[in-house]
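Observations on the model geometry
Here's the letter readout for the chains.
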Amino acid sequence: MQIGLIGGIGPAATDFYYRGLISAFAGSGRDLDLTIVHADTATLLHNLETDNTAAQVAIYARLTDRLVAAGAGLVVVTSIAGHFCIEPFKRVSPLPVIDMLSAVSASVREQRLDRVGILGTRTVMETRFYGGIESAEVVPPPGPLLDEVHSAYVTMAAAGRVTDDQRAVFDRACQAFLETENVDAVLLGGTDLALVYDAATAGFPIVDCAAIHVDAVTRAAMS
């Protein structure tokens, strides 16, 4: 089945999905059939901050119409921030939507995690991953660290690269999670955090939401 990606939000996240899907399909010996359309990061962040669900859903729907015309059989939003309107989008999408929130929730439940820290945009952190995880307590960064993480994250996502100063902010938040918040793992609640952490080198347990989502997309496309 052809996969339709709504990409661009941000560039590094799109690259992560593209590379992940290429690797998954190469490992299976099957051909990858994929079309990517582009959504604008700044527009998404504005709609997120102003809670303009209708505007963002309209953008997704218009882009999905293009994916339908290209022959896609499912659609994927390659952004955790972009999932703020995923439920209303699912109701109007002309294609099945592979939802990250449900995939990550299932993974957290299967891992039997009780308490997880979360990094990402302000909305993702304050809503505890949009309330999408019921089996574990989701903990945002304490005090002013939440605003620092949000600022570092949105700047990194727009640029598609991480600076040393931004990395230091994320590291401080993770240190607080592990040393004072007693979390079992840190949930990477922003797809672009793949620029900063991965399971092999992080040095602490992580829940890699983007990787979990890529696996879910792969299974759906191959089924």
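Pairing is parallel in the open sheet, where three strands are placed in the order E2-E1-E3. The strands lining the two open edges of the sheet, one partner per strand, are strand E2 (34-38) and strand E3 (74-77). Direction aside, the axes of adjacent strands within the sheet are offset by 25° on average. As judged from the five bridges shared by strand E1 (residues 3-7) and E2, these two strands associate in the parallel manner. The residue of E2 that forms the bridge with Gly7 is His38. Lying on the sheet, helix H9 (residues 209-222) is in contact with E1 and E3; it crosses E3 at an angle near 175°.

A separate point is the packing of helix H7 (residues 145-159) against helix H8 (residues 164-179). At a minimum axis separation of 9 Å, H7 and H8 run at an interaxial angle of 140°. Overall, the two elements H7 and H8 adopt an arrangement that is oblique. Considering how the two elements wind past one another, H7 and H8 form a crossing that is left-handed. Between H7 and H8, the contacting residues are Leu145, Glu148, Val149, Ala152, Tyr153, Thr155 and Met156 on the first element and Gln166, Val169, Phe170, Arg172, Ala173 and Ala176 on the second. Within the contact of H7 with H8, the residues separate by chemical class into nine nonpolar, two polar and two charged.

The rules behind each value
One numbering rule holds for all chains: residues counted from 1, following each sequence as written. A pLDDT threshold of at least 70 governs which residues receive local features in this predicted model, and a stricter bar of 80 or more applies before side-chain atom pairs are shown or counted, although totals over entire chains, interfaces and linings include all residues. Excluding hydrogens and water, the side-chain values take into account all heavy atoms of the structure. Any two strands with at least two DSSP-identified bridges between them are counted as paired. Where helices and strands are cited, they refer to DSSP runs of H or I of at least four residues and of E of at least two residues respectively, numbered from the N terminus. Think of each axis as a best-fit line through the C-alpha atoms, taken over the contacting stretch in the case of a helix, with angles from 0 to 180 degrees between the N-to-C directions. Should any heavy atoms of two residues lie within 4.5 Å, those residues are counted as being in contact. An angle below 35 degrees is treated as roughly parallel, one above 145 as roughly antiparallel, one from 65 to 115 as roughly perpendicular, and anything else as oblique. Here is the rule for handedness: rotate from the far helix to the near one, and if that takes an anticlockwise turn smaller than a right angle the crossing is left-handed, while a clockwise turn gives right-handed. Only Asp, Glu, Lys and Arg are considered charged, only Ala, Val, Leu, Ile, Met, Phe, Trp, Tyr, Cys and Pro nonpolar, and every remaining residue, Gly among them, polar.

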